[in-house]
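Chain and residue survey
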Amino acid sequence: QAAMSGAQALARMANDLLDVSRMEEGKLPLQVAEHDLSAMAVQVQHSLRGYERGRRIELEPSAPLLVTCDDSLIRRVLENLVSNAIKHAPSKSVIRLAVRAAGAYARFEICDQGPGVPLEARQRIFEKFGAIAARKTNGYHSAGLGLAFCKLAIEAHQGRLGVEACEPQGSCFWFELPLAAAG
C-alpha cells in the first residue's frame, strides 16, 4: 500500500508539472462554460471529507455565483487549496471556506489555523518549485507545484490569487474570478 501511495503521489506530481509547463506555454486549452462557484465549493468540501484527519471544514452558505470557467481546472484549484489547508492545519482545528461576491468578481476564501506563511514567502510560494524550501511539514512533502498550478489556472481565467495572514494565526488563501456576464 505504501508503494501504491508513493506511485500515486509521483503520478500527481508529474501531471502537475506537465500542466504547469503547458499553462506557462499557453498550450493548455480551456473548456469554458458558466458554472456556479458556490456549488463547486460544496462539491469539493464533500469530496475531501475523508481527508480531514481530525480537522473540520466549514463552508459559509452562499447564493449561487456564476463564473465562466473551465470547471475541471477550477475544481483542481479548490481541491488543492483545501487539501493544503488540511495538511497544514493542526488537528481538531477548523478550516473555513467562503464564497461571496466582491464587486464584479466571485471570491473564494479558505482560512486555516496552521503556522501561516511568512511575509517574505508570500509571493515565492506561487512560483514553480517555490514551496518554502520544499519543506516537510506535519508529515507532508511539497515540491512546490500545486500553488504554481493554482496561480496559472486562475490567471488563465483573468483572475487573481493571493494569501494573507489570519488572526490570531494561520493563513487565508483566496482567489477571485470575474462573474459571468448577465444575459
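Provided above is the structure to which this section pertains.
Residues numbered from 1 in each chain as written. Predicted model: local features only at pLDDT ≥ 70, side-chain atom pairs only at ≥ 80, totals over all residues. Heavy atoms only, no water.

A word on helix α4 (residues 146–156). Within α4 the residues assigned to the buried category are G146, L147, A148, F149, C150, A153 and I154. Positive phi shows up at Q158, right after α4, with a value of about 60°. (Buried < 20%, exposed > 50% of the residue type's maximum accessible area, 1.4 Å probe, protein only. Helix = DSSP H or I, 4+ residues; strand = E, 2+ residues; numbered from the N terminus.)

For a regular strand, side-chain orientation follows a simple rule: the groups alternate between the two sheet faces. For strand β5 (residues 105–111), a buried count of six out of seven residues is recorded, marking the element as mostly surrounded by other parts of the structure. Here seven bridges tie strand β4 (residues 94–102) to β5, and the two strands are oriented antiparallel to one another. Residue pairing for β5: V99 is matched across the bridge by F108. Taken together, β4 and the strand that follows it, β5, pair antiparallel across an intervening segment of two residues, in which G103 is found at a positive phi of about 70°. (Pairing = 2+ DSSP bridges.)

A word on the pattern of salt bridges. Summed over all chains, the structure comprises ten salt bridges. Between D71 and R75 there is a salt bridge whose closest N-O contact spans 3.8 Å. Linking D71 with R75, this pair stays in helix α3 (residues 71–88), spanning four residues, or about one helical turn. R75 gets classed as partly exposed once you look at its relative accessible area, which sits at 23%. Beyond isolated ion pairs, a larger network of salt bridges with shared partners links E60, R100, R107, E109, R160, E164 and E176. (Salt bridge = Lys/Arg side-chain N within 4 Å of Asp/Glu carboxyl O.)

Distances and angles like these do not, on their own, reveal function.
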